[in-house]
Amino acid sequence: LQAGSSTEQWNAQCPSFMSSHSWRGISTELRKDLKVGEWAYSCSTQEMWWSVAVHQIFDDTPAPFTPPSFERYRGLLHPDDRDQVLFLFQRAIERGIPYDVTHRLYLPNKTIKWCRCMCRIQFHSVTKKVEKLIGTLQDISSWAQSIKTNILVESEENNEIIIDEATLDEEPACIIS
């Protein structure tokens, strides 16, 4: 191996007591457990790409998956979160500002999923204009549900823990981190 080779770099990113091949397989399984997928958007062609995991988050049936498109993603956004997410997406394209947002999807089968969407920007090497948006989408529904059903508020006055039942059924708007 030559110093700086991609294999050597990969080995530095896995435990020394495992082969890189084994680690890649385990890493893939860990990503499945996290329910996280990748997506990409080309600003010049307006083409969108989703990994298999993103299709699964959208409850697509495998083979053939519905072709990815921004309009399809827009249509899956929960109506109460749509404007905020679209604002962040447009701002990323126009101003090159990355984002990290928690929002809901409203799927065709009438289920609601909570997702965390992270967006990074790739700039053109010469023009320095936004060329691509690249990110992840993570299904955090089980986490959001556990938070919703276990809201505990610590009272600062008497240092006791109370359940705020008034907020249990509220659906918070889009959350930006």
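Above this note sits the structure.
Definitions and cut-offs
Sequence order as written defines the numbering, with residues in each chain counted from 1. pLDDT decides what is reported in this predicted model: residues at 70 or higher carry local features, side-chain atom pairs at 80 or more are listed and counted, and totals for whole chains, interfaces and linings draw on all residues regardless. Values reported for side chains reflect all heavy atoms of the structure, with hydrogen atoms and water molecules removed beforehand. Only runs of H or I of at least four residues qualify as helices and only runs of E of at least two qualify as strands under DSSP, and these elements are numbered from the N terminus. We call two N or O atoms a polar contact when they sit within 3.5 Å, provided that within protein one can donate a hydrogen and the other can accept it, with sequence-adjacent residues counted only if both atoms are side-chain atoms. Two cysteine sulfurs form what is called a disulfide whenever their separation falls within 2.5 Å. The buried label applies to any residue whose accessible area, calculated with a 1.4 Å probe on protein chains only, is under 20% of its type's maximum; exposed applies above 50%, and partly exposed to all values in between. Contact criterion: two residues are considered in contact whenever any of their non-hydrogen atoms come within 4.5 Å of each other. For two strands to pair, DSSP has to find at least two bridges joining them. By convention a nonpolar core is built from buried Ala, Val, Leu, Ile, Met, Phe, Trp, Tyr and Cys residues, the set being connected through side-chain atoms within 4.5 Å.

1. As for the side chain of histidine 103
Mapped onto the fold, histidine 103 is located in strand 3 (residues 99–106). Looking at histidine 103, its side chain comes within polar contact range of the side chain of tyrosine 73, at 3.0 Å.

2. Here we look at the state of the cysteines
Scanning all chains against the criterion turns up zero disulfides. Not engaged in a disulfide, the cysteine cysteine 117 finds its nearest cysteine sulfur in cysteine 119; these two sulfurs lie 6.7 Å apart. Judged by its relative accessible area of 0%, cysteine 119 falls in the buried class.

3. Focus: the side chain of histidine 55
Its place among the elements puts histidine 55 in helix 3 (residues 52–57). Ignoring anything within four residues of it in the chain, the contact list for histidine 55 reads Trp50, Asp60, Phe65, Thr66 and Pro68.

4. Some remarks on the pairing of strand 3
Taken across its eight residues, strand 3 has seven buried, putting it largely inside the fold. Looking at chain direction, strand 3 and strand 4 (residues 112–123) are connected through eight bridges and run antiparallel. Residue pairing in the sheet places leucine 105 in a bridge with lysine 113 of strand 4.

5. What to know about unusual backbone geometry
Residues other than glycine seldom take positive phi values, yet glutamine 46 does so here, at roughly 60°. As for its position among the elements, glutamine 46 is in the loop between strand 1 (36–42) and strand 2 (48–50). Take glutamine 46: its relative accessible area is 57%, and that puts it in the exposed class. In the Ramachandran plot, lysine 110 falls in the positive-phi region, its phi being about 75° despite a non-glycine side chain. Tracing the sequence through the fold places lysine 110 in the loop between strand 3 and strand 4.

6. What about the nonpolar core?
In terms of nonpolar packing, the biggest core is built from 28 residues, with Trp39, Phe58, Tyr73, Tyr99, Leu105 and Leu133 touching the most fellow members. Residue assignment for this core shows that the elements contributing at least two residues are strand 1, strand 2, helix 3, helix 4 (70–76), helix 5 (79–95), strand 3, strand 4 and strand 5 (130–139). Examining the composition of this core, we find that five residues originate from one element, helix 5, more than from any other. Residue contacts for tyrosine 73: discarding those within four places in its chain leaves Trp50, Phe58, Val85, His103, Leu105 and Cys117.

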